[in-house]
Amino acid sequence: MASLGRNSNIAESELRVLHQEVFRWALYCTNFNHDLAKDTVQQTYLKIVEGTAYFGGKSSLKTWLFGVVRLTARELRRGQERYIAGATHEAEELPDEVEELLDETFAEPDWESVDAGAVERALNELSLLQREIVYLVFYRDMPLSEIALVFDVSIGTVRKQYHRAKVRLAGLLKQGEEDGKDSKQRQ
Amino acid sequence: MLQKIIRDFYDKKHEQVTDASFESCFPDKGGKVVRAERRFVRFGLAASVLLVVAALLLFGLGRDPNIVPSALVDRPLPVFTKPDLFDETATISSEQLRGGIFLVNIWATWCPPCHVEHPFLVEISASEPDVTFVGLNYKDDPELAREFLKQRGNPFRISLIDADGSLGIDFGVAGPPETFLVDSSGTIRYRHVGVIDHKVWAETFEPILAQMQ
């Protein structure tokens, strides 16, 4: 068994239990590039073994691991942007008044007719932070308080971005639905 | 509903990619070794490419660009029979280039460097009686070639026509002017690409000719 040295408060068995979730988060952070995700997780574990990443116990181990994975993926991505086309796409932050207008004009799309392509396009319109929050909340069921720890931002920021992301996603999906109807009518 | 759609979307994304086992990622259980090996292989490949490029550069920098190795050097002159430039009804064959030292110059009137080189060939051919200068008029109009030699002097004791460039191909000619030194056994001893001048002659041709004589 590898000694976890400075991180002696972490048991290898705990890492093993969390491994699949950690790897899947790494996949997300690398835009589902398997090799890069594997490198990210290997590097994360090395940081733990070598003590360059230290678990202070301020959050759950999983939350802390997610934070380390996210930062590690970013470090690796810097030199390998070609592997993750689209993942660094940063949508422009809309002004507050536009966000509010979006909020007011929010209309639910016909959820049954939404396809994967429309979801991907809508997700790509979000900022990177918003996309990550959507993934962690909707797919990993992570509470906003823990997400704040993963990203090392205030919970207020996470809450605001989460709300905006939801509204924008619904709005974009609705807009995509209407655009699709228009193009069908023109045909 | 939004959550269900997002879940379905990411489920499909994850289905497209296989997970990696804990053992393959964790150090001392394969992870560190795999990573180290992969790094080593990447570093090794990059270093090898750099070394090869550096070696080629160093090798190339130290070489005279006019000295081009030829597959024909140290091999017999190609076998040929070509028309004589000054009597197109007569032919000259490779058999006639035996028993002495021959300098075969491949030239053309359409080749500007050949014009530059020509006065020197006229001059040096007069001072090298032991070397037979052979002119191979390459892909040219024989009439123009004859006129050129008439006006500017003829350094060649033997002049051949290679109108279709086939003999040039046998010599491996890249482009005129090119010059070959052939020894008394009919073996090519040296190939020079480019213009010959006093410096080239003194530094390159003379030592080789001295060895051949």
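Everything below is about the structure printed above this text.
Here the structure is a predicted model, which means the values were calculated and not measured.

A. Inspection of the overall build of chain A at higher detail. In terms of regular secondary structure, chain A is built from 8 helices and 0 strands. Of the regular secondary structure in chain A, the N- to C-terminal order runs α-α-α-α-α-α-α-α. Per-residue burial for chain A yields a buried fraction of 50% across its 187 residues. By sequence separation, contacts in chain A at least 24 residues apart represent 72% of the contacts at least 6 residues apart. With the model as given, the accessible surface of chain A reaches about 9400 Å², and the carbon-plus-sulfur share is 48%.

B. Highlighting the pairing of strand β2 (residues 87-93) of chain B. Residues and elements named next belong to chain B. Here strand β1 (residues 81-84) pairs with β2 via 4 bridges, running antiparallel. Among the inter-strand pairings, threonine 81 is bridged to a residue of β2, identified as serine 93. Remark: 2 residues form the turn of the hairpin made by β1 and β2, two consecutive strands paired antiparallel.

C. Main features of a nonpolar patch on the surface. The grouping of Val49, Val53 and Leu57 of chain B at the surface amounts to a nonpolar patch, some 270 Å² of accessible area in total. Position of leucine 57 of chain B relative to the elements: it lies in helix α3 (residues 31-61).

D. Summary view of the pairing of strand β5 (residues 158-162) of chain B. All names here are of chain B. Burial of β5 is extensive: 5 of the 5 residues sit out of reach of the surface. Going residue by residue along β5, you find Ile158, Leu160 and Asp162 tucked away on one face and Ser159 and Ile161 tucked away on the opposite face as well. Note on the crossover from strand β4 (residues 131-138) through helix α5 (residues 142-152) to β5: the handedness is right-handed.

E. How the structure looks around the state of the cysteines. All names here are of chain B. Tallying each qualifying case throughout the model produces 1 disulfide over all chains. Covalent S-S linkage joins cysteine 111 and cysteine 114, the inter-sulfur distance amounting to 2.2 Å. The S-S bond linking cysteine 111 to cysteine 114 shows a torsion near 85°; that makes this disulfide right-handed. Like cysteine 114, cysteine 111 is buried.

F. Molecular detail of the environment of valine 173 of chain B. All names here are of chain B. Its location among the elements puts valine 173 in the loop between α6 (166-171) and β6 (178-182). Valine 173 sits 35 residues away from tyrosine 138 along the chain, and the two C-alpha atoms are 9.8 Å apart. With residues near it in sequence (within four places) discarded, valine 173 still touches Ile106, Tyr138, Gly168, Glu178 and Arg191.

G. Examining the environment of alanine 20 of chain B more closely. Positionally, alanine 20 of chain B belongs in the loop between α1 (2-15) and α2 (22-25). The class of alanine 20 of chain B is buried, set by a relative accessible area of 8%.

H. Structural view of the packing of aromatic side chains. All names here are of chain A. Overall, the coordinates contain 24 aromatic pairs over all chains when judged by the stated rule. Ring geometry for tryptophan 25 versus tyrosine 28: centroids 5.5 Å apart, planes at 5°, classification stacked. One end of the pair, tryptophan 25, and the other, tyrosine 28, are both in helix α1 (residues 12-29), 3 residues apart, so they sit about a helical turn from each other. Judged by relative accessible area, tryptophan 25 falls into the buried class, the value being 0%. You can call tyrosine 28 buried: its relative accessible area is 10%. Relative to phenylalanine 66, the ring of tryptophan 25 has its centre 5.4 Å away and its plane inclined at 5°; by these criteria the two rings are stacked.

I. Inspection of the interface of chain B and chain A at higher detail. If you look at the interface, chain B gives 31 residues, while chain A gives 41 residues. For the pair chain B and chain A, the summed buried area comes to about 3600 Å², and 65% of that belongs to carbon and sulfur atoms. Here aspartate 141 of chain A ties to arginine 7 of chain B by a salt bridge, and the two come within 2.6 Å at their closest N and O atoms. Along the contact surface separating chain B from chain A lie 15 residue pairs in polar contact (both at pLDDT 80 or more). Counting only elements with at least two residues in the side of chain B that touches chain A, the list comes to α1, α2 and α3 of chain B.

J. Here's a closer look at unusual backbone geometry. Cis geometry marks the peptide bond from proline 176 of chain B to proline 177 of chain B, where omega comes out at 0°. The residue proline 177 of chain B is located in the loop between α6 and β6 in this model. Positive phi values are uncommon outside glycine, yet aspartate 152 of chain A reaches one of about 60°. By the element assignment, aspartate 152 of chain A lies in the loop between α7 (144-151) and α8 (155-186). For aspartate 152 of chain A, a relative accessible area of 69% translates into the label exposed.

Rules used in this analysis
Residues numbered from 1 in each chain as written. Chains lettered and ligands numbered in written order. Predicted model: local features only at pLDDT ≥ 70, side-chain atom pairs only at ≥ 80, totals over all residues. Heavy atoms only, no water. Helix = DSSP H or I, 4+ residues; strand = E, 2+ residues; numbered from the N terminus. Buried < 20%, exposed > 50% of the residue type's maximum accessible area, 1.4 Å probe, protein only. Contact = heavy atoms within 4.5 Å. Areas by Shrake-Rupley, 256 points an atom, 1.4 Å probe, with all protein chains shown as cover. Pairing = 2+ DSSP bridges. Patch = residues over 30% accessible without salt bridge, like charges linked within 9 Å, V, L, I, M, F, W, Y side chains within 5 Å. Salt bridge = Lys/Arg side-chain N within 4 Å of Asp/Glu carboxyl O. Right-handed = clockwise from strand over helix to strand, strands pointing away. Disulfide = S-S within 2.5 Å. Phe/Tyr/Trp six-rings, centres within 6.5 Å; stacked < 30°, edge-to-face > 60°. Buried area = accessible area lost by both parts, 1.4 Å probe. Polar contact = N/O pair within 3.5 Å; in protein donor to acceptor, adjacent residues only side chain to side chain.

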